[in-house]
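A structural walkthrough
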Amino acid sequence: VDPAACFRRGTCNMSTPFMPSKSGHESMTRLKEAASHYKNVVIVDPSYLIQKDKKYTPFAMGYLMYHDSGHISIKGMKWVAYNYLNDHTNPLTK
């Protein structure tokens, strides 16, 4: 499901949940496996910030977070980055 297209069509609203994509989960699993071979690689997974009851909400911060079905909007990514860094230390400054 493409949250941005759904919103433009008017078939979803701020409370419409979306299931995480299977390919996204598989990609994260592959990344973690590859990173496990290197001590200087840090995986950053901010997906918890845009989930509610293990479903993604396209409006986590009150406005549309997605550009399309597989890409978060620039405004959404800024929100995610800000909130992630409030919860964690910056992995680039460790």
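These figures come from a predicted structure and were not determined experimentally. (Residues numbered from 1 in each chain as written. Predicted model: local features only at pLDDT ≥ 70, side-chain atom pairs only at ≥ 80, totals over all residues. Heavy atoms only, no water.)

Some thoughts on the overall build of the protein
So the rule is basically this: Put simply, DSSP H or I for four residues or longer makes a helix, DSSP E for two residues or longer makes a strand, and each gets a number counted from the N terminus. A contact between two residues is defined here by any heavy atoms of the two lying within 4.5 Å.
In terms of regular secondary structure, the protein is built from three helices and four strands. Along the protein, from the amino end to the carboxyl end, the secondary structure elements read α-α-β-β-β-β-α. For the protein, contacts bridging at least 24 residues in sequence account for 52% of all contacts bridging at least 6.

A closer look at the environment of Asn 90
Note the threshold: Pairs of N or O atoms are called polar contacts if they sit within 3.5 Å, as long as, within protein, a hydrogen donor faces a hydrogen acceptor (for residues adjacent in sequence, only side-chain-to-side-chain pairs).
Tracing the backbone through its elements, the reader meets Asn 90 in the segment after helix H3 (74–87). Sequence separation between Asn 90 and Val 44 is 46 residues; the distance between their C-alpha atoms is 9.7 Å. A polar atom in the side chain of Asn 90 sits 2.8 Å from the backbone nitrogen of Leu 92.

A short note on the environment of Ile 50
Heads up, the rule is: When a residue's accessible area, from a 1.4 Å probe over protein chains only, is under 20% of the maximum for its type it is buried; when over 50% it is exposed; and in between it is partly exposed.
By secondary structure assignment, the location of Ile 50 is in the loop between helix H2 (22–35) and strand S1 (51–52). In this structure Ile 50 comes out as buried when scored by relative accessible area, which is 8%. As for Ile 50 and Val 80, which are separated by 30 residues in sequence, their C-alpha atoms are 8.0 Å apart.

Some points on the nonpolar core
Across soluble globular proteins, nonpolar side chains have a tendency to be buried as a group. Worth spelling out the cut-off: For the purposes of this section, nonpolar cores are sets of buried Ala, Val, Leu, Ile, Met, Phe, Trp, Tyr and Cys residues that join through side-chain atoms within 4.5 Å.
Core analysis: the biggest nonpolar cluster contains seven residues, these being Leu 49, Ile 50, Tyr 56, Met 65, Tyr 66, Val 80 and Tyr 84. The residues touching Tyr 84, leaving out its near neighbours within four places in the chain, are Val 44, Asp 45, Pro 46, Tyr 48 and Leu 49.

Examining the environment of Ala 81
Tracing the backbone through its elements, the reader meets Ala 81 in helix H3. Among the residues examined, Ala 81 registers a relative accessible area of 32% and is labelled partly exposed. Between the C-alpha atoms of Ala 81 and Leu 49, which are 32 residues apart in sequence, the distance is 9.7 Å.

What about H3?
Our working rule: The span expected for a helix works out to 1.5 Å for each residue beyond the first. What the arc describes is the spread of directions from the helix axis to the C-beta atoms.
If you check H3, its first and last C-alpha atoms are 20 Å apart, about what 14 residues at 1.5 Å a residue would give, namely 20 Å. For H3, the full list of buried residues reads Gly 76, Val 80, Asn 83 and Tyr 84. In a view along the axis of H3, the buried residues occupy a sector of 105 degrees, so they form one face of it. Across from the buried face of H3, at angles greater than 90 degrees, the exposed residues are Ile 74, Lys 75, Lys 78, Tyr 82 and Asn 86. Elements that come into contact with the buried residues of H3 comprise strand S4 (71–72).

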